[in-house]
Amino acid sequence: MRVHVIPGDPPVELVLRRSGRARRISLRVSSLDGRVTLTCPQGVPEGAALDFARDKADWLRQQLARTHDAVPVGIGCDLPFRGRLIRVLHAPGRGVLAERDCVHVGGAPDHAAARLQGFFKQTARDRLAAASDRYAAALGRPYVRLTLRDTRSRWGSCSSRGGLMYSWRLIMAPDDVLDYVAAHEVAHLAEMNHSPRFWHHVTQLYGDCSAPRRWLREHGPGLHRYQF
């Protein structure tokens, strides 16, 4: 991958990536960090790919202007937890205690982000495991393991061997959104596709999922603006 700059006001920095799978030139602006990726098929001249990006320069600047500003996590900041904004406060001791409107973080203030991330991950694991256990029992299909990651492109996945993966940032979303994602991935234990049969399983496990799906489309990308 190579870094290029499209001149202008402001200049746009992008990464040129070649892909054997790509069938056409494409541009992507990351909602997490604003990084611009120019993907082009093997065999397409670099100049042609850069010309494509230059033609889209105004569109790129508009997209970059809309990207969420990064929020460094630390003492005094506000961040979402289970669907509501809470204030991060320093407290004596070394533990982390979440209340309705705030979360108390002990230890050195400059370690608050790491402690909060650990607390969020553990809380996410507990809630996702409970939801996955409940849905798997209702479906009659056990899963083999549950892992957490900080993924950009998906909130969860299910492997053909029965492994469930979730983004730990789901703990920042409302409870019903986390529950829906768990039901969605557990339903893949029965159907490894998005066929009508799959969505029937999701509805049987969760119910009407239109609201949490809409929430993820509208608000999900904003969860990545918080930098731990």
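This text goes with the structure placed above it.
Quick caveat: nothing in here was measured; it's all calculated off a predicted structure. (Residues numbered from 1 in each chain as written. Predicted model: local features only at pLDDT ≥ 70, side-chain atom pairs only at ≥ 80, totals over all residues. Heavy atoms only, no water.)

Caption draft 1: Spotlight on the pattern of salt bridges. Taken as a whole, this structure holds nine salt bridges when the rule is applied. We note a salt bridge from R87 to D78, for which the minimum N-O separation is 2.4 Å. For R87, a relative accessible area of 37% puts it in the partly exposed group. Its salt-bridge partner being D179, residue R127 comes within 3.5 Å of it at the nearest N-O pair. Of the two residues, R127 sits in helix α3 (residues 112-139) while D179 sits in helix α4 (residues 175-187), which places them 52 residues apart along the sequence. (Salt bridge = Lys/Arg side-chain N within 4 Å of Asp/Glu carboxyl O. Buried < 20%, exposed > 50% of the residue type's maximum accessible area, 1.4 Å probe, protein only. Helix = DSSP H or I, 4+ residues; strand = E, 2+ residues; numbered from the N terminus.)

Caption draft 2: Representation of the packing of aromatic side chains in the model. Under the criterion given, the structure shown has seven aromatic pairs. Between F81 and F119 the ring centres are 5.8 Å apart and the planes differ by 35°, which places this aromatic pair in the tilted class. Pair noted here: F81 is in strand β6 (residues 78-81) and F119 is in helix α3, with a separation of 38 residues, a long-range link. On the accessibility criterion, F81 (5% relative accessible area) is buried. (Phe/Tyr/Trp six-rings, centres within 6.5 Å; stacked < 30°, edge-to-face > 60°.)

Caption draft 3: Geometry of the packing of α4 against helix α6 (residues 210-219). The contact between α4 and α6 brings their axes to 9 Å, and the two run at 105°. Between α4 and α6, the angle falls in the class roughly perpendicular. The segment α4 lies against α6, with D176, V177, Y180 and V181 engaging P212, R213, W215 and L216. A per-class count over the contact of α4 with α6 returns six nonpolar, no polar and two charged. (Axes fitted to C-alpha atoms, helices over the stretch in contact; angles between N-to-C directions. Parallel < 35°, antiparallel > 145°, perpendicular 65-115°, else oblique. Contact = heavy atoms within 4.5 Å. Nonpolar A, V, L, I, M, F, W, Y, C, P; charged D, E, K, R; others polar.)

Caption draft 4: Fine view of the sheet that holds strand β9 (residues 102-105). One open sheet accounts for four strands, arranged β6-β7-β9-β8; its pairing is mixed. A single partner strand is all that each edge strand has here, and the edge strands are β6 and β8 (96-98). The mean inter-strand angle of the sheet, taken between neighbouring strand axes irrespective of direction, is 30°. Pairing analysis gives three bridges linking β8 to β9, with the strands arranged antiparallel. Among the inter-strand pairings, L97 is bridged to a residue of β9, identified as H104. (Pairing = 2+ DSSP bridges.)

Caption draft 5: Summary view of helix α1 (residues 46-55). Considered for burial, the residues of α1 that qualify are A49, L50 and A53. Along the axis of α1, the buried residues cluster in a sector spanning 95°; they form a single face. (Arc of directions from axis to C-beta.)

Caption draft 6: Just the nonpolar core, in detail. Counting 48 residues, the largest nonpolar core has L79, F120, L128, Y166 and V186 as the members making the most contacts within it. If one sorts the elements of this core by residue count, α3 sits on top with 10 residues. The next biggest cluster of nonpolar side chains, apart from the first, holds 15 residues, and it includes V12, L16, L27 and A57. (Core = buried A, V, L, I, M, F, W, Y, C linked by side-chain atoms within 4.5 Å.)

Caption draft 7: Layout of the pairing of strand β3 (residues 26-29). Alternating positions in β3 separate cleanly, L27 and V29 being buried on one face and S26 and R28 remaining unburied on the opposite face. In the sheet, β3 pairs with strand β4 (residues 36-41) via four bridges, with the strands oriented antiparallel. Residue L27 lies in a different strand from β4, and its bridge partner there is L38.

Caption draft 8: Representation of the pairing of β4 within the structure. The element β4 is largely enclosed, with a buried count of six among its six residues. The pairing of strand β2 (residues 12-19) with β4 spans six bridges and is classified as parallel. Each residue of the ladder has a partner; that of S19, found in β4, is P41.

Caption draft 9: Expanded view of unusual backbone geometry. At the junction of D9 and P10, the peptide bond is cis and its omega measures out at -5° in the coordinates. Mapped onto the elements of the fold, P10 is located in the loop between β1 (2-6) and β2.

Caption draft 10: The arrangement of the side chain of S167 in detail. Inspection of the secondary structure assignment puts S167 in strand β12 (residues 163-167). Here S167 falls in the buried class, since its relative accessible area comes to 0%. Excluding its chain neighbours within four sequence positions, the residues that come into contact with S167 are L128, R149, T151, R154 and W155.

Caption draft 11: View of the state of the cysteines. This structure, assessed with the given rule, holds zero disulfides. Counting only cysteine sulfurs, C102 is the nearest neighbor of C77, a cysteine outside any disulfide, at a range of 12 Å. Taking relative accessible area as the criterion, C77 reaches 12% and is therefore assigned buried. (Disulfide = S-S within 2.5 Å.)

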